[in-house]
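Geometric and topological summary
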Amino acid sequence: VVWDHGFKVAQKVDETYPLNNFKNVYVEGQDANVNFKLGDRYKIHIDGDKSQAPSYKVKKDTLTINGKKNNKHVGVNVLGHVKVTITIPMNKTLDNVNLRLANGTVNINDVTINNLVKTAKDMDYDANLYITDATINNLEKINLYDATFNVANSKINNMTLVASQYSDVIMKNSTLVKTSINLNESTLKVKQSN
């Protein structure tokens, strides 16, 4: 049961929608897990509580995703976070990705991104970021606040990372070029990387 201008029975959505071509992605919200992956065409998949499903639109080469504020659940929260999967075609790259997400997880798999920016939505909650088998050409601004940043089998250029409040930064089998890392009460683990 969820509160959405009155008590209502939660409805589950598990749908895939085709999208027009886009080169940029802007995500803002909370209580969501966002995945980037390669596939056959541009599309978005949303899985979770219908009342929490984010809105999205493609306009002028930009996919904008805005999450809804998490409704108060009564009883057990069986649906968990909304899951959003963004798929781009195998031979395409993304120019700009801006992530402003709280209390969630972002997974970037097999994708090439020219410019990636990640900031905490507020100073109480942050989103974890996992980059696997990806290439990020500019990661000029990544702020972590009590979050995990995990990089595996990837190449990252021009990274400026600021991590605070018990954040964990883990890098394995990756190449980092022109990197600046500033840690405050956080940990850094680098294994088998250049």
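Moving on to the nonpolar core. Phe36, Ile108, Ile131 and Phe149 are the most contacted members of the largest nonpolar core, which totals 44 residues. For Phe36, the contacting residues outside a window of four places in its chain are Val25, Ile86, Leu94, Val97, Leu99, Val106, Asn107, Ile108, Asn109 and Val111.

In the structure shown here, the tally under the stated rule is one cavity of 30 Å³ or more. Considered as a void within the structure, the largest cavity measures approximately 100 Å³ in volume. Taken together, 15 residues form the lining of the largest cavity, with Gly29, Gln30, Ala32, Pro54 and Gly67 sitting closest to its centre. When residues of the lining of the largest cavity are traced back to their parent elements, those giving at least two are strand S4 (24-30), strand S5 (32-39) and strand S9 (82-89). Sort the elements by how many residues they give to the lining of the largest cavity and S4 lands first, with four residues. Of the residues in the lining of the largest cavity, the class split is eight nonpolar, four polar and three charged.

Sheet strands pair by backbone hydrogen bonding; their relative direction is either parallel or antiparallel. Pairing is mixed across the open sheet formed by nine strands, whose spatial order is S3-S6-S9-S5-S11-S13-S15-S17-S19. Two strands in the sheet have a free side with no partner beyond their single neighbour: strand S3 (12-18) and strand S19 (187-191). Recorded for the sheet is a direction-independent mean angle of 10 degrees between the axes of neighbouring strands.

The rules behind these values
- Residues numbered from 1 in each chain as written.
- Predicted model: local features only at pLDDT ≥ 70, side-chain atom pairs only at ≥ 80, totals over all residues.
- Heavy atoms only, no water.
- Core = buried A, V, L, I, M, F, W, Y, C linked by side-chain atoms within 4.5 Å.
- Buried < 20%, exposed > 50% of the residue type's maximum accessible area, 1.4 Å probe, protein only.
- Contact = heavy atoms within 4.5 Å.
- 1 Å grid on protein atoms, 1.4 Å probe; cavity = no way out; pocket = protein on both sides within 12 Å on 5 of 7 lines; lining within 4 Å.
- Points joined across faces, edges and corners; volume = space filled by probe spheres on them.
- Helix = DSSP H or I, 4+ residues; strand = E, 2+ residues; numbered from the N terminus.
- Nonpolar A, V, L, I, M, F, W, Y, C, P; charged D, E, K, R; others polar.
- Pairing = 2+ DSSP bridges.
- Axes fitted to C-alpha atoms, helices over the stretch in contact; angles between N-to-C directions.

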